[in-house]
Number of protein chains: 2
Amino acid sequence: MTSILELPEREALSLTDIDASFVKTVLTPYRESCRYLKKAYFQQQEDLGIQGMLMNGEFSIPESCYIDDTGHFNAVEYNICYNQIAYVHLGYCIKNGLIPELGDYDPDLFFEKQLSNFLIANLNSGFQSLINAKRFYGTFGIHTVKKRPAVCF
Amino acid sequence: MTSILELPEREALSLTDIDASFVKTVLTPYRESCRYLKKAYFQQQEDLGIQGMLMNGEFSIPESCYIDDTGHFNAVEYNICYNQIAYVHLGYCIKNGLIPELGDYDPDLFFEKQLSNFLIANLNSGFQSLINAKRFYGTFGIHTVKKRPAVCF
């Protein structure tokens with residue numbers, strides 16, 4: 001008998017760089033000065049399903065697009081960054097058929113409906129300390145998907 | 001005996017238009033195209049203390065400052081509008097000495113520290129239905145103030 005816990009073998013983690021051109025296309029609706037997501041890569045651990053898929057991003061806000069320098073990363077910028085990495089994640093997952101509940105979308109339909117059909121119902125953001133807006137990192141993932149007749153949460 | 005409940009007499013509600021020039025000064029740090037708060041008026045019911053003070057605002061977003069038209073009022077714009085009316089409320093209350101816990105501030109110090117010293121620790125926004133961004137109304141109020149040695153919540 002041993003006291004060492006044997007963890008089940010996990011499938012290897014795969015990391016994929018997202019093409020800069022794909023990121024650029026997803027961020028097309030944003031004003032040039034508001035494209036804060038600079039680089040993204042996709043992380044997948046297949047045996048964990050949707051929770052095993054994460055989009056990691058490198059962000060930079062040299063100058064805010066809407067206000068003078070506040071001296072810190074702020075809640076509005078957080079929201080813009082959140083949206084940008086969420087769009088890249090959803091766009092990438094749709095392109096690669098990774099979320100069956102979004103099977104009605106193909107890349108063309110995603111880009112057509114990107115702004116009108118993807119809505120935030122609730123947003124909660126909290127800040128423990130000041131973040132340097134010049135360079136920071138963020139990760140986006142989906143915990144659960146619920147499909148309703150007209151809407152997918 | 002009567003079954004009609006007699007409510008205690010309440011002090012009259014006062015309504016004050018906020019000078020357009022004051023709103024303009026408070027919104028100075030915002031890019032011209034991001035000044036969504038168009039008009040504000042202050043509502044006060046003195047016997048209710050801080051909870052009796054509300055800032056009402058008329059907003060308009062003819063064109064988003066950061067993204068192409070999404071067809072709906074969105075969470076980022078909500079956050080910007082929230083900040084603008086909060087700044088007007090705080091600025092007005094400081095100017096008129098209405099919040100004793102902010103007694104260290106006078107209008108000059110408020111405008112000097114407006115961006116650096118006023119921070120969002122938590123933000124929660126929820127949306128039940130689509131809102132027309134071209135014209136809408138909002139109200140800002142403070143429920144409770146807690147003063148700590150270095151911070152006022």
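Everything in this summary refers to the structure shown in the same document. (Residues numbered from 1 in each chain as written. Chains lettered and ligands numbered in written order. Predicted model: local features only at pLDDT ≥ 70, side-chain atom pairs only at ≥ 80, totals over all residues. Heavy atoms only, no water.)

**Remarks on the interface of chain A and chain B**
- At the junction of the two partners, chain A supplies 31 residues and chain B supplies 31 residues.
- For the pair chain A and chain B, the two sides together bury roughly 2,600 Å², of which 55% comes from carbon and sulfur.
- When the buried area of chain A at its contact with chain B is split by residue, A:R31, A:Y66 and A:L115 rank highest and sum to 22% of it.
- For the pair chain A and chain B, the number of links is two salt bridges.
- Note that B:R31 is salt-bridged to A:D68, the shortest N-O span being 3.2 Å.
- If you look at where chain A meets chain B, you find 16 residue pairs in polar contact (both at pLDDT 80 or more).
- If you list the elements that add at least two residues to the side of chain A that touches chain B, you get α2 (75–95), α3 (107–117) and β4 (122–126) of chain A.
- Classifying every residue of the side of chain A that touches chain B gives 16 nonpolar, eleven polar and four charged. (Contact = heavy atoms within 4.5 Å. Buried area = accessible area lost by both parts, 1.4 Å probe. Salt bridge = Lys/Arg side-chain N within 4 Å of Asp/Glu carboxyl O. Polar contact = N/O pair within 3.5 Å; in protein donor to acceptor, adjacent residues only side chain to side chain. Helix = DSSP H or I, 4+ residues; strand = E, 2+ residues; numbered from the N terminus. Nonpolar A, V, L, I, M, F, W, Y, C, P; charged D, E, K, R; others polar.)

**Description of the state of the cysteines**
- This model, assessed by the stated rule, comprises zero disulfides over all chains.
- A:C65 provides the cysteine sulfur closest to A:C81, a residue in no disulfide bond, and the two sulfurs are 9.7 Å apart. (Disulfide = S-S within 2.5 Å.)

**Things to note about the environment of B:D108**
Residues and elements named next belong to chain B.
- With respect to the element layout, D108 can be found in helix α3 (residues 107–117).
- Looking at D108, the relative accessible area reads 62%, which means it is exposed.
- In sequence terms D108 and Y41 are 67 residues apart; their C-alpha atoms lie 21 Å from each other. (Buried < 20%, exposed > 50% of the residue type's maximum accessible area, 1.4 Å probe, protein only.)

**Quick notes on the pattern of salt bridges**
- Per the stated rule, a full pass over the model turns up twelve salt bridges over all chains.
- Across the pair A:D17 and A:K39 runs a salt bridge, and its minimum N-O distance is 3.4 Å. Placement of the pair is A:D17 in strand β1 (residues 14–17) and A:K39 in strand β2 (residues 37–44), with a sequence separation of 22 residues.
- In this structure A:K39 comes out as partly exposed when scored by relative accessible area, which is 35%.
- Put simply, B:D104 and B:K147 hold a salt bridge, and the shortest N to O gap is 3.8 Å. Placement of the pair is B:D104 in the loop between α2 (75–95) and α3 and B:K147 in the segment after β5 (136–141), with a sequence separation of 43 residues.
- Overall, the relative accessible area of 62% leaves B:D104 in the exposed class.
- Classification of B:K147 by relative accessible area gives partly exposed; the value is 46%.

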